[in-house]
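Okay, here's what each chain looks like letter by letter:
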Amino acid sequence: MHKVVLVDDERYVVDSLKASIDWRTYGFEVVGDARNGIQALDLIDRVHPDLVFTDIRMPGMDGLELIRQVSETTRDVLFVAVSGYAEFTYVQKAMNFGAVGYCLKPFDQKEIGSILKKVRDTLDDRRAYMMLDFMELMDETDPVSWERVRSVLRKLKFSCEDGARVALVVTVGDGGLPLDPDLSGVEIRLGRRKHLHLVSLVDDGPFRTWIGGRIPDGIQGLGYVLTEFTQEAVHDGIGRATLSAYQYFITGTTFAHDHDALDTSQGPVLVRQLEDAIDNRDDKGILVGIEQFRVAAGDDRLTIQHALKAYNLVMSYMSRKEGDPQTDYLYRYEQLAATFPDASSMLDQLKSSLGKMKGSRTAALPEDIRNEKFREILRFVNENFAQDISVQSLSAQYNFNPNYMSQLFKKVLKMTFTDYVTMLRISFAGNLLRTAPYSVSEIAERSGYDDYFYFTRVFKKTTGMTPTEFKTRGLETPRIPDRAKNNGANP
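The numbers attached to residues start from 1 for each chain and follow its sequence in the written order. Predicted model: local features are reported for residues with pLDDT of at least 70 only, side-chain atom pairs are reported and counted for 80 or more only, and whole-chain, interface and lining totals are derived from all residues. To obtain the side-chain values, all non-hydrogen atoms of the structure were included, while hydrogens and water were left out.

Another point: helix α6 (residues 143–155). Numbering of helices and strands runs from the N terminus, with a helix taken as a DSSP run of H or I at least four residues long and a strand as a DSSP run of E at least two residues long. The span one expects for a helix is its residue count, reduced by one, times 1.5 Å. Over its 13 residues, α6 extends 19 Å from the first C-alpha to the last, a length consistent with the 18 Å expected when each residue adds 1.5 Å. Each residue is assigned to one of three classes by its accessible area relative to the maximum for its type, calculated with a 1.4 Å probe on protein chains only: buried under 20%, partly exposed between the two thresholds, exposed over 50%. Where α6 is concerned, the buried positions are Ser-145, Trp-146, Val-149, Arg-150, Val-152 and Leu-153. Mapping the buried residues of α6 onto a view down its axis gives an arc of 160 degrees, with all of them on the same face. Structural note: α6 exposes Pro-143 and Val-144 on the side pointing more than 90 degrees away from its buried face. Phi for Lys-157, located one or two positions after α6, is positive at around 75 degrees. Here, the arc refers to the directions that run from the helix axis to the C-beta atoms.

Right, here's the structure in full:
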């Protein structure tokens, strides 16, 4: 909810505004009121509102002076001027000082509702850009970027001294985790289904109570790290909190995971044992390794990072054994969690695939069937690249061997499936950045990226610019090869 302060020297005006408007419907809550500009300045410093409705003419400091003084500071507050019909000259001055709207007495509910919708859209867009700035800057390691991160956090109403204790809480699933009113913190949306809470820790007690409470429906996983507020610690802590949030994939259950309390020391040992079995081409040893992973997952003694490594190791082994040294790997936790409901299901498929493996290259399909099928597959990819698609999901949908599916993409398009989907998504994102009135976070989602951190990294790697830089400067995006155009519909 966006926070609102009401300022008017007449009490009944404030009471009327509070009672006549359903603020929550528009995404706002009234957090305080004041009788004049001097009181309002103190209140603004204490509650950090997003929006202030202020009367123009008041004793002491009037509304014009309040707007002027706040606008000249670093406070990121929007103002709506309140006036009578005979005071329109004052309203014009208020707009010149930076007010984003005005409403006349007596109040019209539809008029105020229209203003609130406009302000809400402005605040949402501003917040989206600030969050993207935060994510782009968090990938940098220089002091200037860290100071800019702190500036973004201050605008998001979170201020903390370097070295202070903070909690980094990451949730995976639909919706965020409502912050306890006794805690000082900020929520940052990291992706379509991923949120970060950055919480100041003056006392661990309220935080422990909050984090140990009921987890809202829709959240699949929750992980947290207690650390200090420094550039390195925050950057590292977000990664560790994210890793622990995905423990639901390992355990099949949802509860809060303290990363530092996880005992995952067996994970690297099991990965090395699996690597040894693969190096020795020991199929029985690989099956044993898979079962050891299953036991460790049941005891909560590994992470999704270990599961992802195991999956890619076994898939790579089967690909090489069938005559193709390259395969389309899964690179992100989101991909693995979207492909399988939990680690046990992933291990079941690996075991089943190993049992079916013939130990030689898959026989080529007849020419007419191969072309017809691949044309159909490519058309589906071109039309659905923004969805959660992978070689594994396509193989199941079209009844293909996953390794053979990868071979088709490399043979026909001269690139891997992953590279082709990335090209489609970044090309689509680049066009939206140039032409569409969406925020960068919306464009990331529309292009198929659930994780905004990952989107900014891939976009910068592909184009040489961050999405924000591209939006302002522009750059030619990757083109779809003619061979792809001839075999399917373009996005």
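Attention now goes to the pattern of salt bridges. Oppositely charged side chains can form a pair if their charged atoms are brought close together. Any carboxyl oxygen of Asp or Glu that lies within 4 Å of a side-chain nitrogen of Lys or Arg is treated as forming a salt bridge with it. Applying the stated criterion to the full structure yields 26 salt bridges. Asp-451 is the salt-bridge partner of Lys-194, the closest N and O atoms lying 2.6 Å from each other. A residue pair is termed long-range when its members are at least 10 positions apart, and Lys-194 in strand β8 (residues 194–200) and Asp-451 in the loop between α19 (440–446) and α20 (452–463) qualify at 257 residues. Residue classification places Asp-451 among the buried positions, given a relative accessible area of 9%. Ionic contacts of the salt-bridge type, sharing partners, join the residues Arg-11, Asp-15, Lys-18, Asp-33 and Arg-35 into one network.

This part covers the packing of helix α10 (residues 266–279) against helix α12 (residues 304–321). Axes here refer to lines fitted to C-alpha atoms; in helices the fit is confined to the stretch in contact. Angles between the N-to-C directions go from 0 to 180 degrees. At their nearest, the axes of α10 and α12 sit 10 Å apart, and the two run at 5 degrees to each other. As far as their axial angle goes, α12 and α10 are roughly parallel. Contacts between α10 and α12 involve Gly-267, Pro-268, Val-271, Leu-274, Glu-275 and Ile-278 from the former and His-306, Lys-309, Ala-310, Leu-313, Val-314, Tyr-317 and Arg-320 from the latter. Residue composition of the contact of α10 with α12, grouped by class: eight nonpolar, two polar and three charged. Put simply, angles under 35 degrees are roughly parallel, angles over 145 are roughly antiparallel, angles from 65 to 115 are roughly perpendicular, and the rest are oblique. Any two residues whose heavy atoms approach within 4.5 Å are treated as being in contact. Gly counts as polar in this scheme, as do all residues outside two lists: the nonpolar Ala, Val, Leu, Ile, Met, Phe, Trp, Tyr, Cys and Pro, and the charged Asp, Glu, Lys and Arg.

With that settled, consider the sheet that holds strand β10 (residues 256–258). By this definition, two strands are paired if DSSP reports at least two bridges between them. In space, the five strands of this open sheet follow the order β7-β8-β6-β9-β10, with mixed pairing throughout. If you trace the sheet from one side to the other, it starts and ends with β7 (185–191) and β10, each paired once. Neighbouring strand axes in the sheet, compared pairwise and without regard to direction, differ in orientation by 20 degrees on average. Where helix α8 (residues 231–245) meets the sheet, it contacts β6 (165–173), β7, β8, β9 (219–228) and β10, and its direction lies at approximately 150 degrees from that of β9.

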